[in-house]
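Examining the three-dimensional arrangement
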Amino acid sequence: MVELDLTADLQQQVAQAYRTKTPLNICAGNTKAFYGRQATGQKLDVSGHSGILSYEPSELVLTARAGTPLTHIEAALSAHGQMLAFEPPHWGNAATIGGTLACNLSGPRRVYTGSARDFLLGCHVLNGQADLLHFGGEVMKNVAGYDAARLMAGAMGTLGVLLDVSLKVLPMPLHKLTLVQTGICAADALVKMNELAGKALPLSASAWVNGDLYLRFSGAASTIAAVKQNLAGDALAEDEAFWLAIRELQHGFFEGELPLWRIALPQVAVQPEVAGDWLIEWGGAQRWLRSDAPAELIRAQVAALGGHAAILHGGDRTGEIFQPLSAGVALLHQRLKLAFDPARILNPRRMYENL
Amino acid sequence: MFNYDPHPVASISKADLVTQLLALLPRDCVLFEAEDLGPYECDGLSAYRQLPWVTVLPHTVAQVQAVMRLCYQHQLPVVARGAGTGLSGGALPHPNGVLLSLAKLKSILSVDVLGRTARVQPGVRNLAISQAVAAHGLYYAPDPSSQIACTIGGNVAENSGGVHCLKYGLTVHNILQIKIVSVDGELLTIGSEAFDSAGYDLLALMTGSEGMLGVIVEITVRLLPVPEQAQVVLAAFDDVAQAATAVADIITAGIIPAGLEMMDKLAINAAEDYAHAGYPRDAEAILLCELDGMREDVADQIMRVQAILTRVGATEVRLAADEAARALLWKGRKSAFPAVGRLSPDYYCMDGTIPRRHLPVVLRRIAELSAQYGLAVANVFHAGDGNLHPLILYDANKEGELEQVEAFGGKILELCVEVGGSITGEHGVGMEKINQMCVQFDALALTQFHAIKYAFDPKGLLNPGKAVPTLHRCAEFGAMHVHRGQVPFPELERF
Ligand SMILES: Cc1cc2nc3c(=O)[nH]c(=O)nc-3n(C[C@H](O)[C@H](O)[C@H](O)COP(=O)(O)OP(=O)(O)OC[C@H]3O[C@@H](n4cnc5c(N)ncnc54)[C@H](O)[C@@H]3O)c2cc1C
């Protein structure tokens, strides 16, 4: 899949950096530059490594170079009535598929159809010694060797430079409907979202903000008609705009100066006892918090409930951004980092201080 | 550095090991006499057999940790085992090692109905999970055909799939968190009960790692609501290529069936003799297409699927009229392996994946190979996701026939790689496909796999010799992956 001329240049840059032990800052569209710890190192620009390499609608598989803009991929898929079912956030026009996978970012549909990582079938990467590696493939089922492809998802470029990715894609549902129920507290909203998810309904997104519960359903016309008839709530007219604003962190909730936390919790976990404003998504699995409560307090509360917290805006980006790992798991991380990047040149410290 | 060649000599006598194990475990949890070890000499791939040195069957996670610490101290190989239904020799014992059975860790620890998760021990059988939560209208989606017997721990270790994984995903898509005991006996939590976890996706890495990276001692699975309705359509074709076209057309039309299975003529007839499912015996291929979801959705999709099947040229399109008819159509498919097994003394089940569009050419090549080797093949196919199960018929008592079968099987797997697929879709590499790993992966990728192994298990004690071949072995096997004209394994002398 990888084309030599485009790849050779990146490979040379990584090889050179490996020889000289020069830290690299991998970037493409720069839309996620704010995410994670402060980036340092010499820029390795992969944005030129762009283009869809193959797309077979009947196989539900698309392979694209890492620097391909998300908008480009989404347009190609939509021409065939298909989509990236993890509904990736863009967080800027220049967002690329590589950055999306490196951060494992998924949008409103995530808990109902799967995450970016779930749809990743294979990839080519350069490890920290500039070895060109191919993991996984372009088939749905492949259990040969360790799943190093999915290991790349969410590793924030600290284990390898993504060159191209193969993704499973899905048909786009033809119809959708968002129902709004008003005047609901967070605890009740969590129960409702999960009760509905436990029924055989085509739920495709859920959110709670400002006392309103939003539920999106997607499917055939007859299915949507049945949902409308049987479930409570008012149809939301501008639903496209609503879910886009949630996905892109552009809803009014995200305005203002207070630090923004992304909190992952078991779906039915109670609300952590932290003063601040909350927006709940993913049936409770992703919750956004605006609060200037101390980081230690937030992390402790969230950990006690089985979750983890990351600070997205307003934190000290030279300190830890993501939830600290348990000692045993942290050790495995360091050993894996060395297995892929012995000189620690790939996005060092971007994820954790010691990676 | 990465040397997992079988540990030739044990550092402790068997008598001493048994004494030390008996200090950790109740008497009946340590097996060391040949007659007690017999049941553990192979997994579902019975062509490969090896008695373990000792088998242990701990009851608790603390006992698993104690056993692992002891083995680590004496540098003894450990092979984890669930139900032993694996089809690639993954649980094949090590002659100087401990076989660690997780079969006694079989409690369902908790079920969260509202949150739709269950926390279970590794020895719980796959089907037992769905049975335990059925009263709540929930089930665990991945459904390997071996689901009555296989364990969830084995499923995670193999990343098992089933008939329904086209729509509902593999094991990796249906678990949230696992607990593992590391090679040195430490208990670690991987993943989280939230939908993601901080740090690297170690959950994905552990899933399908075939007992090479750690011992899985607890799993939190996701549960799904039982669909309101499921219906199945059978379609018969005169030509396998037409059946393949129908599959592509259904998916291109935006329909993701819950199951989409294909069988060829030999498999159809074997299944019909066995299950009397009413399959058309003269068809070259049949498709079983199951649609599930809300009643309205199913009705809509059934109509569209029937139209596509007819347009593509099906000689018969039959909708199961009721639940009994649906169950009967599936019974034929689900008993296809034992049914084919009645056609000859032995059969060998292959497991390759291909991009679906290459199906006609791959089936043609398999037929050619079948003629060349003089061995019949029945094809059963998870058509929706491109996972082939050619079943090669043979007689193990005939001198040299097993070797012929292995050679034939190896050719089929190499063919899968050639058309852009994989040597295994769900059964794993184990001992069986270790040579074909050299065909699918180049030396750099294999070296990276060894480095991953080293990060978890620097002494190479967990399931040694399986899943990832040494470069040395690949060089001996001779079927090296030539990557863009580069000489393969230039770094061989390093090892
Ligand atoms: C008739 C038949 C039909 C089958 N159909 C399917 C199918 O449709 N889909 C499918 O995917 N598979 C299928 N299989 C294969 C097999 O059932 C699966 O691979 C299953 O997941 C194995 O589970 P097990 O408990 O028997 O594991 P075992 O066979 O005991 O072990 C399998 C591997 O997992 C490791 N292991 C087991 N438990 C643990 C643990 N707790 N921690 C770490 N490692 C562990 C072992 O070391 C070994 O490498 C079938 C097998 C048979 C016999």
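Residues numbered from 1 in each chain as written. Chains lettered and ligands numbered in written order. Predicted model: local features only at pLDDT ≥ 70, side-chain atom pairs only at ≥ 80, totals over all residues. Heavy atoms only, no water.

1. Quick word on a nonpolar patch on the surface
All names here are of chain B. A cluster of nonpolar side chains, Ile108, Val111 and Val113, forms an exposed patch at the surface whose accessible area comes to about 190 Å². With respect to the element layout, valine 113 can be found in the loop between strand E5 (108-112) and strand E6 (117-120). Valine 113 sits in the partly exposed class, given a relative accessible area of 36%. (Patch = residues over 30% accessible without salt bridge, like charges linked within 9 Å, V, L, I, M, F, W, Y side chains within 5 Å. Areas by Shrake-Rupley, 256 points an atom, 1.4 Å probe, with all protein chains shown as cover. Salt bridge = Lys/Arg side-chain N within 4 Å of Asp/Glu carboxyl O. Helix = DSSP H or I, 4+ residues; strand = E, 2+ residues; numbered from the N terminus. Buried < 20%, exposed > 50% of the residue type's maximum accessible area, 1.4 Å probe, protein only.)

2. Some points on the nonpolar core
By size, the foremost hydrophobic cluster in this structure holds 203 residues, and its most contacted members are Ile178, Met262, Leu287, Leu309 and Phe449 of chain B. In terms of domain composition, this core takes at least three residues from each of domain 1 (2-171 + 334-340) and domain 2 (175-313) of chain A. The contacts of leucine 309 of chain B, once residues within four sequence positions are left out, are Val233, Ala235, Phe237, Ala246, Ile250, Leu287, Ala314 and Val317 of chain B. In this structure, Leu21, Phe32, Val78 and Val181 of chain B belong to the second largest nonpolar core, which totals 28 residues. (Core = buried A, V, L, I, M, F, W, Y, C linked by side-chain atoms within 4.5 Å. Domains from an automatic or database assignment. Contact = heavy atoms within 4.5 Å.)

3. Remarks on the packing of helix H8 (residues 240-252) of chain B against helix H10 (residues 295-312) of chain B
A pair of packed helices can be characterised by two numbers: the angle between their axes and the separation between those axes. Residue and element names in this part refer to chain B. One can describe the packing of H8 onto H10 by two numbers: an axis separation of 9 Å at closest approach and a directional angle of 145 degrees. For the pair H8 and H10, the crossing hand works out as right-handed. Every residue of H10 that contacts H8 at Gln242, Thr245, Ala246, Asp249 and Ile250 is listed here: Val305, Ile308, Leu309, Arg311 and Val312. Taken together, the residues of the contact of H8 with H10 sort by class into six nonpolar, two polar and two charged. (Axes fitted to C-alpha atoms, helices over the stretch in contact; angles between N-to-C directions. Left-handed = near helix turned anticlockwise from the far one by under 90°. Nonpolar A, V, L, I, M, F, W, Y, C, P; charged D, E, K, R; others polar.)

4. Overview of the confidence of the model for chain B
Residues and elements named next belong to chain B. Counting all residues, the mean pLDDT for chain B is 93, and 95% of those residues have values of 70 or more. Of the regions scoring below 50 in pLDDT, residues 481-495 engages in 25 contacts with residues more than four places distant in sequence or in other chains. Our summary of model confidence lists the complex with pTM equal to 0.96 and ipTM equal to 0.97. (pLDDT = per-residue confidence, 0-100.)

5. A closer look at the side chain of glutamate 87 of chain A
Residues and elements named next belong to chain A. Mapped onto the elements of the fold, glutamate 87 is located in the loop between strand E5 (82-83) and helix H3 (97-103). For glutamate 87, a relative accessible area of 13% gives the class buried. Side-chain polar atoms of glutamate 87 contact the backbone nitrogen of arginine 109, separated by 3.0 Å. Side-chain polar atoms of glutamate 87 contact the side chain of arginine 216, separated by 2.8 Å. Non-local contacts of glutamate 87, meaning those with residues more than four positions away in its chain, are made with Ser106, Gly107, Pro108, Arg109, Arg216 and Arg247. (Polar contact = N/O pair within 3.5 Å; in protein donor to acceptor, adjacent residues only side chain to side chain.)

6. Here's the deal with the interface of chain A and chain B
How big an interface is tends to be stated in terms of the accessible area lost upon association of its parts. Contacts between chain A and chain B engage 75 residues on the former and 82 residues on the latter. Of all residues in chain A, Lys141, Val143 and Tyr146 of chain A give up the largest surface area on contact with chain B, accounting jointly for 16% of the area buried on that side. Put simply, chain A and chain B have five salt bridges between them. Here aspartate 196 of chain B ties to arginine 262 of chain A by a salt bridge, and the two come within 2.8 Å at their closest N and O atoms. Across the chain A-chain B interface, the total number found is 26 residue pairs in polar contact (both at pLDDT 80 or more). In terms of residues, the side of chain A that touches chain B owes the most to one element, helix H11 (residues 327-340) of chain A, which gives nine residues. A breakdown of the residues in the side of chain A that touches chain B according to their chemical character gives 43 nonpolar, 17 polar and 15 charged. (Buried area = accessible area lost by both parts, 1.4 Å probe.)

7. Things to note about the pattern of salt bridges
All names here are of chain B. Inspection of the entire model under this criterion finds 30 salt bridges over all chains. Salt-bridge contacts for aspartate 300 lead to arginine 304; the nearest nitrogen and oxygen are separated by 3.7 Å. Taken together, the residues aspartate 300 and arginine 304, both in helix H10 and four residues apart, mark about one turn of the helix. Residue classification places arginine 304 among the partly exposed positions, given a relative accessible area of 30%.

8. Some remarks on the state of the cysteines
Taken as a whole and assessed by the stated rule, the structure comprises one disulfide over all chains. With a sulfur-sulfur separation of 2.1 Å, cysteine 438 of chain B is cross-linked through a disulfide to cysteine 474 of chain B. Negative torsions about the S-S bond denote left-handed disulfides, and the value of about -80 degrees found for cysteine 438 of chain B with cysteine 474 of chain B makes this one left-handed. Taken together, the residues cysteine 438 of chain B in helix H15 (residues 434-440) and cysteine 474 of chain B in helix H17 (residues 471-477) connect sequence positions 36 residues apart. Overall, cysteine 474 of chain B belongs to the buried group, its relative accessible area being 0%. Free cysteine cysteine 103 of chain A: the closest other cysteine sulfur is in cysteine 27 of chain A, separated by 12 Å. The thiol of cysteine 349 of chain B is unpaired, and the distance to the nearest cysteine sulfur, on cysteine 416 of chain B, comes to 12 Å. (Disulfide = S-S within 2.5 Å.)

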